[in-house]
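A closer look at the structure
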Amino acid sequence: MGEQVQDYEMTERQPSPSFGKGLLFMLVLAAVLTLLGFFVLQNRSVEGPLVPTERPVPISVETVRVSVSSAFTAEEKFTGIVSARRTSQLGFASGGRINSIQADVGDRVQTGQTLAVLDTRSLRAQLSSANAVVAEAEAAFSLAQTTVDRQIELLERGHVSSQVVDQAQAQASTAYARIDAAKANADALRVQIDLARIRAPFDGTITARLSDEGAIAAPGVPLFELVETGVLEARIGLTSALAASLTVGKEYPLIADQGEVMATLRAVTGVIDAGNRTVTTIFDINDPDSVAAGAVVRLGIDRQIEEPGLWLPVSALNEADRGLWSVYAARRQGGEWIAEPGIVEIVHQDGDRVFVRGALRDGDNVIVDGLQRITPGQPVTPVEVSATAPLARNG
């Protein structure tokens, strides 16, 4: 009972909000709302909400006037490699110890120049012996021939029979045959001595040296690689139709890293390669010093393609969906020019210009700059610019 009295006393002591404070709060809130309304009314336009009613000012754009053609000329480029007409792996026909090497990698050599020699002392000794055999055979033949002459004289006097003369003549023929055999053996040794010397078969440059003095050379094993640098050629694969359009003996420009290289068409194989379905054409480089062996060259050939369309600069295109491209044409509507969008498809690209087909008409003024500032239907002021040199080549 005492605790309940105490709780009641504490409750009686808690203060409650007064009516005066609540009234003051309401007055302050009303004053703030009044001031806010007065500020809004002071800044409100007497003409109501500002809504644009005038047409935007046309922007100036650069345009080119295009013309539709029924076909276009496309330059197709084909690549080939410059190579020496002749490349030889040079070695000795017979084995032996290498006595001297007289050329090294990078040396330019002339036709017939000695490049390496084998040790030929043994062969020369054999040749001396063979020459002695030849001299012996010649002496035996001379003696046999003298005997024949004497037997013929005796036959005429009746001192010997015809058979004796025949035997003497047979011995003389045998002696003569021995001379031929001995000379043939000596000639064979001379050939071996000659083959013990490597000579340059044509003018060129040594590109590889595979052995040194003192080494034992095996028969047929290459010692040098010789590349003919004075005569260069380029082999280029073309389609059969384009290969047939070229003229053998005519000069054509080839493009290398160093610039333009003139070459003469020497031959067209006329056989389609099964791997790449091309026909090989062979060009002789007119000036071998203008390009190095192993360089890449390109042949450009113009080809007429029957496809209607028109040429545009690349700057006139914006990428659209599904591989298509959007363009803007400045077309007159009433008394003003309007930017009208269209979709085109690229047929061929040549550097900074493209051949397209699609929603463009002959004589259209196509906008070529500032496409990011243009929206469909926007008023524009076209400023026609002259087409670039490549664009003017409508083919």
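A few points on the structure. (Residues numbered from 1 in each chain as written. Predicted model: local features only at pLDDT ≥ 70, side-chain atom pairs only at ≥ 80, totals over all residues. Heavy atoms only, no water.)

**Thoughts on the pairing of strand S19 (residues 336-350)**
Where strand S18 (residues 325-333) and S19 come together, 9 bridges link them in antiparallel fashion. Residue Tyr328 lies in a different strand from S19, and its bridge partner there is Pro341. Hairpin remark: S18 followed by S19, antiparallel, with 2 residues in the connecting loop; positive phi at Gly334, about 65°. Two strands pair when backbone bridges link them, and S19 and strand S22 (residues 379-384) are joined in this way by 2 bridges, in the antiparallel orientation. Of the residues in S22, the one forming a bridge with Ile338 is Pro379. With 6 bridges connecting them, S19 and strand S20 (residues 353-358) associate as antiparallel partners. Note that in S20 the partner of Val344 across the bridge is Gly358. (Pairing = 2+ DSSP bridges. Helix = DSSP H or I, 4+ residues; strand = E, 2+ residues; numbered from the N terminus.)

**Here we look at the packing of helix H3 (residues 121-157) against helix H4 (residues 162-195)**
Running from N to C, H3 and H4 point in directions that differ by 165°, and their axes come no closer than 8 Å. The orientation of H3 with respect to H4, classified from their angle, is roughly antiparallel. Crossing angle aside, the handedness with which H3 passes H4 is left-handed. The residue inventory of the contact of H3 with H4, partitioned by class, reads 23 nonpolar, 10 polar and 5 charged. (Axes fitted to C-alpha atoms, helices over the stretch in contact; angles between N-to-C directions. Parallel < 35°, antiparallel > 145°, perpendicular 65-115°, else oblique. Left-handed = near helix turned anticlockwise from the far one by under 90°. Nonpolar A, V, L, I, M, F, W, Y, C, P; charged D, E, K, R; others polar.)

**Description of the environment of Ser69**
Within the secondary structure layout, Ser69 lies in the loop between strand S1 (59-65) and strand S2 (72-84). In this structure, the C-alpha to C-alpha distance between Ser69 and Asp362, residues 293 residues apart in sequence, is 8.7 Å. A distance of 3.1 Å separates a polar side-chain atom of Ser69 from the backbone oxygen of Ala71. (Polar contact = N/O pair within 3.5 Å; in protein donor to acceptor, adjacent residues only side chain to side chain.)

**Quick word on the sheet that holds strand S10 (residues 222-227)**
Through backbone hydrogen bonds, the strands of a sheet pair up, either in parallel or in antiparallel fashion. The strand order S3-S10-S8-S5 describes an open sheet built from 4 strands, whose pairing is antiparallel. The strands lining the two open edges of the sheet, one partner per strand, are strand S3 (87-91) and strand S5 (108-109). As judged from the 2 bridges shared by S5 and strand S8 (residues 204-209), these two strands associate in the antiparallel manner. Within the sheet, the bridge partner assigned to Arg108 lies in S8 and is Thr205.

**Re the nonpolar core**
Core analysis: the largest hydrophobic core is formed by 25 residues, its most contacted members being Leu238, Leu246, Leu254, Phe283, Ile285, Val291 and Leu299. Residue assignment for this core shows that the elements contributing at least two residues are S2, strand S11 (232-238), helix H5 (240-245), strand S12 (251-256), strand S13 (259-272), strand S14 (279-285) and strand S15 (296-305). Of the residues forming this core, the biggest block, 4 residues, is contributed by S11. In contact with Val291, not counting residues within four places along its chain, are Val82, Leu232, Ala256, Gln258, Val261 and Ile285. (Core = buried A, V, L, I, M, F, W, Y, C linked by side-chain atoms within 4.5 Å. Buried < 20%, exposed > 50% of the residue type's maximum accessible area, 1.4 Å probe, protein only. Contact = heavy atoms within 4.5 Å.)

**Regarding the sheet that holds S2**
Spatially, 6 strands are ordered S2-S11-S14-S13-S12-S15 in a closed barrel, and the strand pairing comes out antiparallel. Along the sheet, successive strands turn relative to each other by an average axial angle of 40°, direction set aside. Where S11 and S14 come together, 6 bridges link them in antiparallel fashion. Bridge pairing links Ile236 to Thr281 in S14.

**As for a nonpolar patch on the surface**
On the surface, Phe25, Met26, Leu29 and Leu33 cluster together into a nonpolar patch covering about 440 Å² of accessible area. Relative to the assigned elements, Leu29 resides in helix H2 (residues 19-43). Classification of Leu29 by relative accessible area gives partly exposed; the value is 40%. (Patch = residues over 30% accessible without salt bridge, like charges linked within 9 Å, V, L, I, M, F, W, Y side chains within 5 Å. Areas by Shrake-Rupley, 256 points an atom, 1.4 Å probe, with all protein chains shown as cover. Salt bridge = Lys/Arg side-chain N within 4 Å of Asp/Glu carboxyl O.)

**A few points about the packing of aromatic side chains**
All told, the structure shown has 5 aromatic pairs when counted by the stated rule. Between Phe72 and Trp311, the aromatic rings sit 5.9 Å apart at their centres with planes inclined by 90°, giving edge-to-face as the arrangement. Of this pair, Phe72 sits in strand S2 while Trp311 is found in strand S16 (residues 310-313), placing the two residues 239 residues apart along the sequence. A relative accessible area of 1% means that Phe72 is categorised as buried. Each member of the aromatic cluster is reached from another via a ring pair, and the members are Phe72, Trp311 and Phe355. (Phe/Tyr/Trp six-rings, centres within 6.5 Å; stacked < 30°, edge-to-face > 60°.)

**Quick word on the pattern of salt bridges**
In this structure the tally under the stated criterion is 20 salt bridges. When the shortest N-O distance is used, the salt bridge between Glu76 and Arg303 registers 2.0 Å. In this pair, Glu76 is assigned in strand S2 and Arg303 in strand S15, connecting sequence segments 227 residues apart. The residue Asp284 makes a salt bridge to Arg266 at a minimum N-O spacing of 2.8 Å. Taken together, the residues span a long stretch of sequence, with Asp284 in strand S14 and Arg266 in strand S13 at a distance of 18 residues. A relative accessible area of 32% places Arg266 in the partly exposed class. In the salt-bridge network here, residues are joined through shared partners; they are Arg85, Glu233, Arg235, Arg266 and Asp284.

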